[in-house]
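Coordinate inspection notes
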Amino acid sequence: MPDLVVRSARTSDIRSIRELVRPHAESRVLVSKDAVTYYEAVQQFRVAELVQPGGDAQLVGCGALHVMWEDLAEIRTLAVSPDAKGRGVGSRLLEALMADARELGVQRLFCLTFEVDFFSRHGFEVIEGQAVEPEVYAELVRSYDEGVAEFLDLERVKPNTLGNTRMLLTL
């Protein structure tokens, strides 16, 4: 029986992460990103591997924690391979990312998702309106990051976020 191991991503994982994300991006569940974007953010990623008793490992999930502000971060690119769904891979990844957030001092986690039930089971709630004070909004709106624009629910990203739900968790 293989063990599920969640660990920090390495640069050598990027090709596998991209392959894992590709079908989700093609179906517009996740945002498609260039390879360079993954390499630039490798330190934000955790990966889940099924490790066989002989030592062979298969990457079956990934997720990233992107800090947006002093007390706010986004859970991004949380993906699980179809053959590993239902095995707790997504939950284990999310728990590791939540632990990373706590270690960094982040108090709130944002996600933009189609998987409302999954995130609700982990304590996330749907966001109505703005979730930051006007002063913080004024700072965040200067960001070039699309995830920040999605969090702020800016008009320019609405065509890309149709059907997604904005959710927030207070740690």
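Residues numbered from 1 in each chain as written. Predicted model: local features only at pLDDT ≥ 70, side-chain atom pairs only at ≥ 80, totals over all residues. Heavy atoms only, no water.

As annotated in an unreviewed UniProt entry, the protein carries the name Amino-acid N-acetyltransferase and comes from Pedococcus sp. KACC 23699.

Turning our eyes to something else, we now look at the pairing of strand E7 (residues 165-170). By the criterion of burial, E7 is predominantly enclosed, with five of the six residues buried. Bridge count for strand E6 (residues 125-126) against E7 is two bridges, and the pairing is antiparallel. If you follow valine 126 over to E7, its bridge partner there is methionine 167. (Buried < 20%, exposed > 50% of the residue type's maximum accessible area, 1.4 Å probe, protein only. Helix = DSSP H or I, 4+ residues; strand = E, 2+ residues; numbered from the N terminus. Pairing = 2+ DSSP bridges.)

Further remarks concern the pattern of salt bridges. Taken as a whole, this structure holds seven salt bridges when the rule is applied. A salt bridge links glutamate 74 to arginine 76, with the shortest nitrogen-to-oxygen separation between them at 2.7 Å. Just as glutamate 74 is buried, arginine 76 falls in that class too. Several salt bridges converge on common partners, so that one network encompasses Arg7, Asp13 and Glu49. (Salt bridge = Lys/Arg side-chain N within 4 Å of Asp/Glu carboxyl O.)

If you trace the seven strands from one edge of the open sheet to the other, you get E1-E2-E3-E4-E5-E7-E6, paired in mixed fashion. At either margin of the open sheet sits one strand with a lone partner, and together these are strand E1 (3-8) and E6. Of the strand pairs in this sheet, strand E3 (residues 57-69) and strand E4 (residues 72-80) are connected by seven bridges, and their pairing is antiparallel. By the bridge assignment, tryptophan 69 is partnered in E4 with leucine 72. Across the sheet, helix H3 (residues 89-104) lies against E1, strand E2 (45-51), E3, E4, strand E5 (108-113) and E7, angled at about 35° from E3, the strand it touches most. (Contact = heavy atoms within 4.5 Å. Axes fitted to C-alpha atoms, helices over the stretch in contact; angles between N-to-C directions.)

If you add up the space inside the largest pocket, you get close to 1,300 Å³. Mapped onto the lining of the largest pocket, the elements with two or more residues apiece are helix H1 (14-26), helix H2 (35-40), E3, E4, H3, E5, helix H4 (116-121) and helix H6 (146-152). When residues of the lining of the largest pocket are assigned to their parent elements, the largest contribution, seven residues, is made by E4. Each residue belonging to the lining of the largest pocket can be placed in one class, and the counts come to 22 nonpolar, 15 polar and twelve charged. In this structure, the second largest pocket occupies an estimated 150 Å³ of space. At three residues, the largest contribution of residues to the lining of the second largest pocket is made by H3. Looking at the lining of the second largest pocket residue by residue, the classes come out as five nonpolar, three polar and three charged. (1 Å grid on protein atoms, 1.4 Å probe; cavity = no way out; pocket = protein on both sides within 12 Å on 5 of 7 lines; lining within 4 Å. Points joined across faces, edges and corners; volume = space filled by probe spheres on them. Nonpolar A, V, L, I, M, F, W, Y, C, P; charged D, E, K, R; others polar.)

Before going further, it helps to spend a moment on unusual backbone geometry. Residues other than glycine seldom take positive phi values, yet arginine 28 does so here, at roughly 65°. Note on placement: arginine 28 falls in the loop between H1 and H2. Classification of arginine 28 as exposed rests on a relative accessible area of 57%. One non-glycine residue, threonine 77, lies in positive phi territory at about 50°. Among the secondary structure elements, threonine 77 is positioned in strand E4. By relative accessible area, which is 9% here, threonine 77 ends up buried.

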